[in-house]
Amino acid sequence: DRLANRPALKADIEAVFAARTSAEWLEILAREGVPAGPIYRMDEVFADPQVAHLGIAVETSHPARGDIRLVGLPVTLTRTPAAIAKAAPDLGENSDELLRELGYDDAEIARLKAERLI
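Everything numeric in this text was worked out from a predicted model, so none of it was measured.

Q: Any details on the confidence of the model for the protein chain? Residues and values, ideally.
A: For residues with low pLDDT, the predicted coordinates do not support detailed interpretation. In the predicted model, the protein chain carries a mean pLDDT of 91, and the fraction of residues at 70 or more is 100%. Helix α5 (residues 95-101) holds the highest mean pLDDT among the elements of the protein chain, 96, whereas helix α3 (residues 42-45) holds the lowest, 83.

Q: Explain the layout of surface pockets residue by residue, including any values.
A: Estimated volume of the largest pocket: approximately 270 Å³. Lining the largest pocket are 15 residues; nearest its centre among them are G72, L73, P74, V75 and T76.

Q: Talk me through helix α6 (residues 106-114); I want residue IDs and the actual numbers.
A: In an α-helix, one turn spans 3.6 residues, which is why side chains three or four residues apart end up on the same side. You can read the cap of α6 off the contacts: a side-chain oxygen lies 3.1 Å from the backbone nitrogen of A107, and it is on D105. Once α6 finishes, R116 follows within two positions and takes phi at roughly 55 degrees, a positive value.

Q: Kindly report on the pattern of salt bridges, identifying the contributing residues and their values.
A: Under the defined criterion, the tally for this structure stands at seven salt bridges. For D106, the salt bridge is made with R100, and the minimal N-O distance between the two is 2.9 Å. Judged by relative accessible area, which is 49%, D106 ranks as partly exposed. On the accessibility criterion, R100 (43% relative accessible area) is partly exposed.

Q: Describe in detail the pairing of strand β1 (residues 57-62), supporting the description with residues and values.
A: As judged from the six bridges shared by β1 and strand β2 (residues 66-71), these two strands associate in the antiparallel manner. Looking at the pairing, A57 lines up with V71 of β2.

Q: Pulling in residues and values, what's your account of the packing of aromatic side chains?
A: Applying the stated criterion across every chain yields a total of one aromatic pair. Here F17 and W25 contribute two aromatic rings whose centre-to-centre distance is 4.7 Å and whose plane-to-plane angle is 50 degrees, an arrangement assigned as tilted. Overall, the relative accessible area of 43% leaves F17 in the partly exposed class. The aromatic ring of W25 is capped on one face by R20, whose charged end is 5.7 Å from the ring centroid.

Q: Tell me what's going on with the environment of V71, and back it up with residues and numbers.
A: Assignment of secondary structure puts V71 in strand β2. Separated by 43 residues in the primary sequence, V71 and I28 have C-alpha atoms spaced 28 Å apart. Among residues more than four places away in sequence, those in contact with V71 are V45, F46, I56 and I84.

Conventions used here
Residues numbered from 1 in each chain as written. Predicted model: local features only at pLDDT ≥ 70, side-chain atom pairs only at ≥ 80, totals over all residues. Heavy atoms only, no water. pLDDT = per-residue confidence, 0-100. Helix = DSSP H or I, 4+ residues; strand = E, 2+ residues; numbered from the N terminus. 1 Å grid on protein atoms, 1.4 Å probe; cavity = no way out; pocket = protein on both sides within 12 Å on 5 of 7 lines; lining within 4 Å. Points joined across faces, edges and corners; volume = space filled by probe spheres on them. Polar contact = N/O pair within 3.5 Å; in protein donor to acceptor, adjacent residues only side chain to side chain. Salt bridge = Lys/Arg side-chain N within 4 Å of Asp/Glu carboxyl O. Buried < 20%, exposed > 50% of the residue type's maximum accessible area, 1.4 Å probe, protein only. Pairing = 2+ DSSP bridges. Phe/Tyr/Trp six-rings, centres within 6.5 Å; stacked < 30°, edge-to-face > 60°. Lys NZ or Arg CZ within 6 Å of the ring centre and 35° of its normal. Contact = heavy atoms within 4.5 Å.

Spelled out as structure tokens, the structure:
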């Protein structure tokens, strides 16, 4: 029963939030002591001064896309530092290798591909 009015409530909330810009809402929420922050589009992430200040942006090279920036690791550990070694693989790039590690042989992998299961 809790969700019975959810569509109407969602529509009402969206109408209220649509009446002002994100910047205006962030100012109002800050003034009222409500912790809040912007939700960025991908093209806005690296433009945020806090992202630059914290050094969150990590540059790496991708075989198909060239030099790219990624969001780095969220924490910095002094005794066990971590780093991004390379860009994430493309969809399916490591499938054969992973399936072999799970015990599949080349014939089984070929069958899965032929049946469009991977």
